[in-house]
2 protein chains.
Amino acid sequence: MRELPHPKTEELDLPRVLHALSDPARLDMVRRLAQEGELTCGALGVDRPKSSMSHHFRTLRDAGVIRTCVDGTVHLNHLRKEDLERRFPGLLKVVLDAPET
Amino acid sequence: MRELPHPKTEELDLPRVLHALSDPARLDMVRRLAQEGELTCGALGVDRPKSSMSHHFRTLRDAGVIRTCVDGTVHLNHLRKEDLERRFPGLLKVVLDAPET
DNA sequence: GAGTTAGTTCGATAAAATACGAACAATAGA
DNA sequence: TCTATTGTTCGTATTTTATCGAACTAACTC
């Protein structure tokens, strides 16, 4: 099961992570991943075209927020909870607990 | 002592706050405000022109991260610690404790 | 091998953010 | 009132981001 390139835990950069999380669409994606666990790209992007979703997945992946594993034709995404917790303790909880608007 | 317009605590929007914090220059400003308390604009912007600093202050202010009071010709800025804590518990601590890079 | 499915990459466009000089406003002090 | 100080606002140039169709790739299925 192949894996796309991801930054290492020690390389996670706060401004970059915050920027990845500062987009409402991506924040929704992160919340759904937190609730429902591992999800395919298709499962998350209902109303948006594939290319737009792919862009957002890439932004989250490059920032180190999610990890993507390729299983056949399917790309499985999951939150890098432990890595984020090690690098920025409490961040994910704060973001997930925050009021939606 | 006049005060510039600021969003109310209940109006603070997470994506907007995260975006305000996602710029390295602004993150530095926030860290310095956390360490040194109330600061004037001039005290924070050494290497950047005034107009650039003013832009960053405005971004932080509009997001609700800082509050600006006008005292004579001086603008005093301070972190909205309590407001941020009420709206997004733990956020500020996470950001301030995070490794610099 | 042909077709299908899942998602990436490319290319173009539009919207937003950054940067900064110059002009401006408000206040303090001589 | 004249001048200096502090910071905002304006105008513009540059960069970054978002959006999305179209072409492409990889893997599975028949």
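Note that the structure is a prediction, hence the values are computed from the model and not measured.

Parameters at a glance
- Residues numbered from 1 in each chain as written.
- Chains lettered and ligands numbered in written order.
- Predicted model: local features only at pLDDT ≥ 70, side-chain atom pairs only at ≥ 80, totals over all residues.
- Heavy atoms only, no water.
- Contact = heavy atoms within 4.5 Å.
- Buried area = accessible area lost by both parts, 1.4 Å probe.
- Salt bridge = Lys/Arg side-chain N within 4 Å of Asp/Glu carboxyl O.
- Polar contact = N/O pair within 3.5 Å; in protein donor to acceptor, adjacent residues only side chain to side chain.
- Helix = DSSP H or I, 4+ residues; strand = E, 2+ residues; numbered from the N terminus.
- Nonpolar A, V, L, I, M, F, W, Y, C, P; charged D, E, K, R; others polar.
- Near = heavy atom within 4 Å.
- 1 Å grid on protein atoms, 1.4 Å probe; cavity = no way out; pocket = protein on both sides within 12 Å on 5 of 7 lines; lining within 4 Å.
- Points joined across faces, edges and corners; volume = space filled by probe spheres on them.

(A) Geometry of the interface of chain A and chain B. If you look at the interface, chain A gives 20 residues, while chain B gives 20 residues. Across the chain A/chain B interface, buried area totals approximately 1,600 Å², and carbon plus sulfur atoms make up 74% of it. When the buried surface of chain A facing chain B is broken down by residue, A:Pro15, A:Leu18 and A:Val94 rank first, second and third, together holding 29% of it. For the pair chain A and chain B, the interface holds zero salt bridges. There are zero residue pairs in polar contact (both at pLDDT 80 or more) connecting chain A and chain B. Only helix 1 (14–21), helix 2 (24–36) and helix 6 (91–97) of chain A provide two or more residues apiece to the side of chain A that touches chain B. Broken down by element, the side of chain A that touches chain B gets its largest block of residues, five residues, from helix 1 of chain A. Across the side of chain A that touches chain B, the residue classes tally to 13 nonpolar, four polar and three charged.

(B) Local environment of the protein's contact with DNA strand C. In the vicinity of DNA strand C, 22 residues are found, and the nearest of them are A:Gly42, A:Lys50, A:Ser54, B:His56 and B:Thr73. Take A:Gly42: an N or O atom from its main chain is 2.9 Å from a phosphate oxygen of DNA strand C. Between DNA strand C and B:Ser52 there is a distance of 3.5 Å, counted from a phosphate oxygen to a side-chain nitrogen or oxygen. Every element with two or more residues in the surface near DNA strand C is listed here: helix 3 (41–44), helix 4 (50–63) and strand 4 (74–79) of chain A together with helix 4 (50–63) of chain B. Considering each element in turn, the surface near DNA strand C owes the most residues, five residues, to helix 4 of chain A.

(C) Looking closely at the protein's contact with DNA strand D. The environment of DNA strand D is formed by 22 residues, the closest being A:His55, A:His56, B:Gly42, B:Lys50 and B:Ser54. Sugar and phosphate atoms form 64% of the subset of DNA strand D atoms that lie within 4 Å of the protein. Contacts to DNA strand D include A:Ser52, whose side-chain N or O atom sits 3.4 Å from a phosphate oxygen. Within the backbone of B:Thr73, an N or O atom sits 3.3 Å from a sugar or linking oxygen of DNA strand D. Only helix 4 of chain A together with helix 3 (41–44), helix 4 and strand 3 (74–79) of chain B provide two or more residues apiece to the surface near DNA strand D. For the surface near DNA strand D, the element with the highest residue contribution is helix 4 of chain B, accounting for five residues.

(D) How the structure looks around the layout of surface pockets. Residues and elements named next belong to chain B. For the largest pocket, the calculated volume is near 200 Å³. Surrounding the largest pocket, Ala25, Asp28, Met29, Arg32, Leu44, Val46, Asp47, Arg48, Met53 and His56 form its lining. Broken down by secondary-structure element, the contributors of at least two residues to the lining of the largest pocket are helix 2 (24–36) and helix 4. For the lining of the largest pocket, the element with the highest residue contribution is helix 2, accounting for four residues.

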